[in-house]
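Architecture at a glance
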Amino acid sequence: MTVTVEADVATNMLFTTHSLPISFLPKELKSCCGSVVFLGIQPAQLEFMSPLTPAMHETVEKIYGMLKARSDFTASAS
């Protein structure tokens, strides 16, 4: 798992004419929520209807545990 700061998300994500710039969403969320943390998981498989890989399942479980424990996602994680 990698923690990415908002500035990196805004500059490193792709933007097409079919989507809003990624920087739009954090600004809107911050206006109503105050603090925003984006969590992303890079899948090993992108094929439609592919099952979750063990690594993906483990990562989802780890994030779920951190959410349940109200962890600070702004701190560095490995």
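Please read all numbers here as calculations on a predicted model, not as lab measurements.

Some thoughts on the overall build of the protein chain
Broken down by element type, the protein chain carries three helices and zero strands. Start at the N end of the protein chain and walk to the C end: the helices and strands fall as α-α-α. Sorting the 78 residues of the protein chain into buried and exposed places 9% on the buried side. Pairs at least 24 residues apart make up 38% of the contacts formed inside the protein chain by residues separated by at least 6 positions.

Brief notes about the environment of serine 31
With respect to the secondary-structure elements, serine 31 resides in helix α2 (residues 24-33). At 2.6 Å, the side chain of serine 31 and the backbone oxygen of glutamate 28 are in polar contact.

With respect to helix α3 (residues 54-68)
Here α3 contains 15 residues, and its C-alpha end-to-end distance of 21 Å stays within 8% of the 21 Å for a straight helix at 1.5 Å per residue. Within α3 the residues assigned to the buried category are Met56, Ile63 and Met66. Projection of α3 onto a plane perpendicular to its axis shows the buried side chains occupying an angular sector of 90°, all on one side. What points out from α3, more than 90 degrees from its buried face, is the exposed set Pro54, Glu58 and Lys68. Arginine 70 sits one or two positions beyond α3 and adopts a positive phi of about 55°.

Side note on the confidence of the model for the protein chain
Taken residue by residue, the protein chain gives an average pLDDT of 76. The fraction at 70 or more is 71%. For the protein chain, helix α1 (residues 6-12) is the element with the lowest average pLDDT, namely 61, and α3 is the one with the highest, namely 91.

Thoughts on the side chain of threonine 53
Tracing the chain through its elements places threonine 53 in the loop between α2 and α3. Look past the residues within four positions of threonine 53 in its chain and what remains in contact with it is Ala44 and Gln45.

Examining the state of the cysteines
Taken as a whole and assessed by the stated rule, the structure comprises zero disulfides. The thiol of cysteine 32 is unpaired, and the distance to the nearest cysteine sulfur, on cysteine 33, comes to 3.4 Å. In this structure cysteine 32 comes out as exposed when scored by relative accessible area, which is 59%.

As for unusual backbone geometry
Phi is positive for methionine 49, which is not a glycine, with a value near 70°. Here methionine 49 shows up in the loop between α2 and α3. On the accessibility criterion, methionine 49 (69% relative accessible area) is exposed. Here the phi dihedral of arginine 70 falls at roughly 55°; this positive angle occurs in a residue that is not glycine. Counting through the fold element by element, arginine 70 comes out in the segment after α3.

Criteria and thresholds
Residues numbered from 1 in each chain as written. Predicted model: local features only at pLDDT ≥ 70, side-chain atom pairs only at ≥ 80, totals over all residues. Heavy atoms only, no water. Helix = DSSP H or I, 4+ residues; strand = E, 2+ residues; numbered from the N terminus. Buried < 20%, exposed > 50% of the residue type's maximum accessible area, 1.4 Å probe, protein only. Contact = heavy atoms within 4.5 Å. Polar contact = N/O pair within 3.5 Å; in protein donor to acceptor, adjacent residues only side chain to side chain. Expected span 1.5 Å × (residues − 1). Arc of directions from axis to C-beta. pLDDT = per-residue confidence, 0-100. Disulfide = S-S within 2.5 Å.

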